[in-house]
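# A look at the structure
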Amino acid sequence: MGGADNSRCEVCHINFMQEELTKVHAKADIGCAKCHGESDAHIADESWASGGNGTAPERMFPKNTINAFCLECHPRNKINAEAHKEFFAESNGQSVCVDCHGKHRMATRKCRWK
């Protein structure tokens with residue numbers, strides 16, 4: 001089977017096995033660690049299960065940083081400008097890539113990060 005091995009993450013985040021953004025990137029051999037870092041401390045920390053504050057992955061993306069990060073691999077000049085016209089409008093500060101390209105968010109967060 002080719003593609004990225006996301007099994008270290010999917011042990012807990014099984015919901016992302018069928019999430020579109022994850023699947024498309026995994027097929028291109030781009031796994032969770034490419035964007036979020038190896039996150040060994042996050043993976044090893046199970047304190048959230050007992051109500052504790054878990055360790056965050058190495059890299060997380062507040063809404064205002066998502067587009068810039070996506071554009072590092074998907075440059076604006078390679079994106080269909082007409083289809084993304086509203087997205088690239090100077091007045092648009094609200095739309096982010098994952099609004100249309102996969103709902104890549106935890107539906108329920110059970111802890112706050114340390």
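Per chain, residues are indexed from 1 in the order of the written sequence. Residues qualify for local features only when their pLDDT is at least 70, as the model is predicted, and side-chain atom pairs are given and counted only at 80 or more; totals for whole chains, interfaces and linings, by contrast, use all residues. The side-chain numbers reported here are obtained from all heavy atoms of the structure, hydrogens and water having been left aside.

### Concerning the overall build of the chain
Here a helix means four or more residues in a row that DSSP labels H or I, a strand means two or more in a row labelled E, and each is numbered from the N terminus. The number of helices and strands found in the chain is six helices and zero strands. In the chain, the succession of α and β elements from N to C terminus is α-α-α-α-α-α. Along the first, second and third principal axes, the C-alpha set of the chain runs to 50 × 35 × 20 Å. For the chain, contacts bridging at least 24 residues in sequence account for 61% of all contacts bridging at least 6. Counting every atom, the chain has about 8,500 Å² of accessible surface; 55% of that belongs to carbon and sulfur. The sign given to each residue is positive for Lys and Arg and negative for Asp and Glu; His and the chain ends receive no count. Every charge is mapped onto a representative atom, which is NZ of Lys, CZ of Arg, CG of Asp or CD of Glu. Of note, the chain has its 15 positive side-chain charges centred 4 Å away from the centre of its 15 negative side-chain charges. The contact criterion used throughout is that any non-hydrogen atoms of two residues lie within 4.5 Å. All accessible-area figures derive from a Shrake-Rupley calculation using a 1.4 Å probe, and residue coverage is judged against the displayed protein chains alone.

### Concerning the pattern of salt bridges
Salt bridges are counted wherever a side-chain nitrogen of Lys or Arg sits within 4 Å of a carboxyl oxygen of Asp or Glu. Counted under the stated rule, the structure contains three salt bridges. For the salt bridge of Asp40 with Arg8, the shortest nitrogen-to-oxygen distance reads 2.6 Å. You can see Asp40 sitting in helix 4 (residues 40-44) and its partner Arg8 sitting in helix 1 (residues 7-10), a full 32 residues away along the chain. Summary of the burial criterion: residues with accessible area below 20% of their type's maximum are buried, those above 50% are exposed, and those between are partly exposed, where the area comes from a 1.4 Å probe applied to protein chains only. Accessibility expressed as a relative area gives 46% for Asp40, which makes it partly exposed. Its relative accessible area of 39% is what places Arg8 among the partly exposed residues. Its salt-bridge partner being Glu20, residue Lys23 comes within 3.8 Å of it at the nearest N-O pair. You can see Lys23 and its partner Glu20 sitting in helix 2 (residues 20-27), three residues apart, about one turn around the helix. One network of salt bridges, with partners in common, ties together Arg8, Glu38 and Asp40.

### Quick look at the packing of aromatic side chains
Two rings belonging to Phe, Tyr or Trp (six-membered ring only in the last case) form a pair when the distance between their centres is within 6.5 Å. Interplanar angles under 30 degrees mark stacking, angles over 60 mark edge-to-face geometry, and anything in between is tilted. Summed over the entire model, instances satisfying the criterion amount to one aromatic pair. Here the aromatic rings of Phe61 and Phe69 are separated by 4.4 Å at their centres, their planes lie at 40 degrees, and the arrangement is tilted. By relative accessible area, Phe61 is classed as buried at 19%. Given a relative accessible area of 23%, Phe69 falls into the partly exposed group.

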